[in-house]
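As a plain string of letters, each chain reads:
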Amino acid sequence: QVQLVEAGGGLVQPGGSLRLFCAASGRIFSINAMGWYRQDPGKQRELVANITSGADTNYSDSVKGRFTISRDNAKNTVYLQMNSLKPEDTAVYYCNVQGYYTVHNRFGIWGQGTQVTVSS
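Everything in this summary refers to the structure shown in the same document.

About the criteria used
Residues numbered from 1 in each chain as written. Predicted model: local features only at pLDDT ≥ 70, side-chain atom pairs only at ≥ 80, totals over all residues. Heavy atoms only, no water. Helix = DSSP H or I, 4+ residues; strand = E, 2+ residues; numbered from the N terminus. Contact = heavy atoms within 4.5 Å. Buried < 20%, exposed > 50% of the residue type's maximum accessible area, 1.4 Å probe, protein only. Lys, Arg positive; Asp, Glu negative; His and termini not counted. Salt bridge = Lys/Arg side-chain N within 4 Å of Asp/Glu carboxyl O. Polar contact = N/O pair within 3.5 Å; in protein donor to acceptor, adjacent residues only side chain to side chain. Pairing = 2+ DSSP bridges. Axes fitted to C-alpha atoms, helices over the stretch in contact; angles between N-to-C directions.

**Concerning the environment of Gly26**
Tracing the backbone through its elements, the reader meets Gly26 in strand β3 (residues 18-26). Every residue in contact with Gly26, bar those within four places of it in the chain, is listed here: Gln1 and Gln3.

**Some thoughts on the side chain of Arg71**
Mapped onto the fold, Arg71 is located in strand β7 (residues 67-72). Comment: no salt bridge for buried Arg71; closest opposite-charge side chain is Asp72, at 8.3 Å. At 3.4 Å, the side chain of Arg71 forms a polar contact with the backbone oxygen of Ile31. A distance of 3.0 Å separates the side chain of Arg71 from the backbone oxygen of Thr52, its partner in a polar contact. If sequence neighbours within four positions are ignored, Arg71 has contacts with Ile31, Asn32, Ala33, Met34, Ile51, Thr52, Ser53, Thr77, Val78 and Tyr79.

**Concerning the pattern of salt bridges**
All chains considered together, the criterion is met by five salt bridges. Of the charged contacts, one joins Arg38 and Asp89 as a salt bridge, the two residues approaching to 3.0 Å between their closest N and O atoms. Remark: Asp89 occurs in the loop between β8 (77-82) and β9 (91-100) and Arg38 occurs in strand β4 (residues 30-39); sequence separation between them is 51 residues. Between Asp61 and Lys64 there is a salt bridge whose closest N-O contact spans 3.2 Å.

**Overview of the sheet that holds β8**
Read from one edge to the other, the open sheet built from four strands follows the order β1-β3-β8-β7, with strand pairing classed as antiparallel. Of all the strands in the sheet, the pair left with one neighbour each is β1 (2-7) and β7. Strand-to-strand twist of the sheet, defined as the mean angle between neighbouring strand axes without regard to direction, takes the value 15°. In this sheet, β8 lies alongside β3 in antiparallel orientation, the contact comprising six bridges. Bridge pairing links Arg19 to Gln81 in β8.

Below, the structure written as structure tokens:
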């Protein structure tokens, strides 16, 4: 079993910053991609950013230049630094981690979600 713990969301004013983190624990052989998604009520979950085991990153156009994704492989943790936040960034943010719990068996798991609200 693999578990994810997310934290770091909250209420921030427009232009402010937040840092999310997501830590994976349990039976982990290796981790490949780690990413952040977000979802507004009534809308589909959308990719915010992801990062490969080789530290290649990918961002949605809406957050490029404002958000930075990073990971600490020793801690099985992924971070999302969010700067210059806008009201339209308001959503529940979900962490996603994909990897292997044995040399042959893959897993893909979602975090519980953390609310980010950008409002004055």
